[in-house]
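# Per-entry structural report
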Amino acid sequence: MHTTYTLPPAAPFENHGKTRASWVFVTLAVLGALVIGIGLVTYSVPVQIAGVAVIVVGGLLGIGLRAAGKGQPRTIQRTDWYED
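Residues numbered from 1 in each chain as written. Predicted model: local features only at pLDDT ≥ 70, side-chain atom pairs only at ≥ 80, totals over all residues. Heavy atoms only, no water.

### Some points on a nonpolar patch on the surface
Together, Val52, Val56, Leu60 and Ile63 give the surface a local cluster of nonpolar side chains, amounting to about 390 Å² of exposed area. Judged by its relative accessible area of 59%, Ile63 is exposed. (Patch = residues over 30% accessible without salt bridge, like charges linked within 9 Å, V, L, I, M, F, W, Y side chains within 5 Å. Areas by Shrake-Rupley, 256 points an atom, 1.4 Å probe, with all protein chains shown as cover. Salt bridge = Lys/Arg side-chain N within 4 Å of Asp/Glu carboxyl O. Buried < 20%, exposed > 50% of the residue type's maximum accessible area, 1.4 Å probe, protein only.)

### Re helix H1 (residues 20-41)
Between its first and last C-alpha, H1 extends 32 Å over 22 residues, near the 32 Å set by a 1.5 Å rise per residue. Elements in contact with the buried residues of H1: helix H2 (45-67). Positioned one or two residues after H1, Tyr43 has a phi angle of 55°, which is positive. (Helix = DSSP H or I, 4+ residues; strand = E, 2+ residues; numbered from the N terminus. Expected span 1.5 Å × (residues − 1). Contact = heavy atoms within 4.5 Å.)

### Examining the packing of H1 against H2
Contact geometry of H1 with H2 gives a least axis separation of 7 Å together with a crossing angle of 175°. With respect to H2, the axis of H1 lies roughly antiparallel. Of the residues contributing to the contact of H1 with H2, the split by class is 18 nonpolar, seven polar and two charged. (Axes fitted to C-alpha atoms, helices over the stretch in contact; angles between N-to-C directions. Parallel < 35°, antiparallel > 145°, perpendicular 65-115°, else oblique. Nonpolar A, V, L, I, M, F, W, Y, C, P; charged D, E, K, R; others polar.)

### Re the side chain of Thr19
Secondary-structure assignment places Thr19 in the segment before H1. The class of Thr19 is buried, set by a relative accessible area of 12%. Setting aside residues up to four positions removed in sequence, Thr19 forms contacts with Lys70, Gly71 and Gln72.

Encoded structure:
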């Protein structure tokens, strides 16, 4: 059985999601989860709602930072591998 393999048009990005937008989102999501956990332990609904709000704000900031160019680009850069 003969199989033909083809290379992608360009190499994928090698930042593995380590962008400013992803760091902001993940940090605020973890902080929000911590606040929700504190609210669960203390039986405080307002603290739980505050934790959810922190996660939502983190998501919106992540989306905003990506739109501002601080996230991983959506398009693949077309470069010639053999050109130096």
